[in-house]
Amino acid sequence: MTLPLEGVRVLAVEQYGAGPFGTQFLADQGAEVIKIENPNDGGDFARRIGPFFFTPDDSEFFHAYNRNKKSLTLDLSHEEGFQVFQDLVQTSDAVASNLRGDVPEKLGLTYESLGKINEKIVCAHLSAYGRKGPRASWPGFDYLMQAEAGYFSLTGEPDAPPTRFGLSVVDQMTGLALAYAVLAGITGARASGQGRDLDVSLFDVALCNLGYPAVWYLNEGHQTERLERSAHPALTPCELYRTADGWIYLMCNKEKFWPALCEALEREDWSRDDRFKDFKGRLEHRKTIREMLDGVLQKKNTSEWLEIFAGKVPAAPVHDLQAALENPFVRDEGRIQSIPLEDYGNYRTLDSPVKSGEPTPTNPAPKLGQDTEQLLRELGYPQKRIDALRDSRVCLLYTSDAADE
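Rules behind the numbers
- Residues numbered from 1 in each chain as written.
- Predicted model: local features only at pLDDT ≥ 70, side-chain atom pairs only at ≥ 80, totals over all residues.
- Heavy atoms only, no water.
- Pairing = 2+ DSSP bridges.
- Helix = DSSP H or I, 4+ residues; strand = E, 2+ residues; numbered from the N terminus.
- Axes fitted to C-alpha atoms, helices over the stretch in contact; angles between N-to-C directions.
- Buried < 20%, exposed > 50% of the residue type's maximum accessible area, 1.4 Å probe, protein only.
- Salt bridge = Lys/Arg side-chain N within 4 Å of Asp/Glu carboxyl O.

Participant: Please provide a residue-by-residue account of the sheet that holds strand β8 (residues 196–201), values included.
Facilitator: In space, the six strands of this open sheet follow the order β5-β2-β1-β6-β7-β8, with parallel pairing throughout. Of all strands in the sheet, those with a lone pairing partner are β5 (70–73) and β8, marking the two edges. Here the average twist between neighbouring strands, direction ignored, is 20°. Across four bridges, the pairing between strand β1 (residues 9–13) and strand β6 (residues 94–98) is parallel. Bridge pairing in β6 links V10 to A94.

Written as structure tokens, this is what we have:
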């Protein structure tokens, strides 16, 4: 068997988190992702983001988003650099970028420009607010989107200040949307013979993720608010409950799970109580059910309840980051990769969540310009031209000499 995206070539004009997160999904499934990095500003600035580094030139942040890719240094603002890029476009399936909305057109990364070179090329753009409209030139980042799209108002306890998610969820979901756009575009291009532009933005993905609370507001005028104990706005029991040594989260989000929970707690009488016979009744008596469950659940530790509930009642422990990553279900089930890195040894990272039947490749994130010379040779460039591109700093070749320049 081969990986499902072997034979697909994607040119990634990307930096930081959102775009690289998305194209890493493509690289993990066998696509040749060529990361285009400016040789005159140190490449992707994520290479310099701390506080942790495997070696002085290997940011752990950068490695989290760039495994299994190649690095080509290329100054796209230089005429010769853009000519090299156009040559690569002829042999590629897609160009994926995450740039400020007004930049792709300035750099010539749109289908209007590149479709003249390769009619099937797909140009997938990730920006903060889109490439059109009054905010096209605005910079933007994850937490700003969470704030404006209402996430802060939905997160945390009711009396606490507005609170963001603990992770860059908008960045990473928009990266996934970019990967989806690339694959949708390539599928269409292979069927029709014609590529196109596809756009995703941090703001649009953040807004789209409002999901059913948005439908409730748009049609009923209902404004979902923060609830105690991270409760679900419509379903009960579905929140945090106290145990003898901490907390457990229960999600009885189908009718069958309420009687299953009552049986597991040896309180079958609760399932026969007319007050709690359906979702509506349980929601009306949320506080009563909370008090009932707290009273029983505090008689045992979280781990004991998880053994009792296993496979019967949807339940989870409330972990910190250490406990989440040391969880035997993570540690012992192949969800952590070991990747060899030159001058360091093996480092650990999370495996791809997409399982293809083949192991995820274990190539570390590339050194800046690591694949430049090889890719130029594949284009048929003679050594004289490669040297000229290096001397004019259109490209930076990854050699010991270049490192000293």
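Participant: For unusual backbone geometry, give the residues involved together with the corresponding values.
Facilitator: Among all residues save glycine, negative phi is the norm, and among peptide bonds the norm is trans. At the junction of G50 and P51, the peptide bond is cis and its omega measures out at 10° in the coordinates. Residues other than glycine seldom take positive phi values, yet E266 does so here, at roughly 60°. Relative to the assigned elements, E266 resides in the loop between α11 (257–264) and α12 (268–271). According to the relative accessible area criterion, E266 is exposed, its value standing at 66%. Phi is positive for R393, which is not a glycine, with a value near 60°. By the secondary structure assignment, R393 is in the loop between α19 (383–391) and α20 (400–404).

Participant: Describe the sheet that holds strand β9 (residues 238–243), and please don't skip the residues or the numbers.
Facilitator: In a beta sheet, neighbouring strands are held together by backbone hydrogen bonds and run either parallel or antiparallel to one another. Spatial ordering of the open sheet is given by β9-β10-β11, a layout of three strands whose pairing is antiparallel. At either margin of the open sheet sits one strand with a lone partner, and together these are β9 and β11 (315–317). Across the sheet, the axes of successive neighbouring strands diverge by a mean angle of 30°, strand direction being ignored. Note: strand β10 (residues 246–251) against β11, three bridges, orientation antiparallel.

Participant: Give me the lowdown on the pattern of salt bridges, citing residues and values where you can.
Facilitator: In total, this model carries 26 salt bridges according to the counting rule given. Taking the shortest distance from any N to any O, the salt bridge between E32 and K70 comes out at 2.8 Å. Separated by 38 residues along the polypeptide, E32 in strand β2 (residues 32–37) and K70 in strand β5 bring together distant segments of the chain. Residue classification places K70 among the partly exposed residues on the basis of a relative accessible area of 21%. Of the charged contacts, one joins R229 and D294 as a salt bridge, the two residues approaching to 2.8 Å between their closest N and O atoms. Residue R229 is found in the loop between α10 (211–220) and β9, and its partner D294 is found in helix α14 (residues 286–297); the two are separated by 65 residues along the sequence. With relative accessibility at 14%, the residue R229 sits in the buried group. Given a relative accessible area of 8%, D294 falls into the buried group. Among the charged side chains, a salt-bridge network with shared partners connects R9, E32, K70 and E378.

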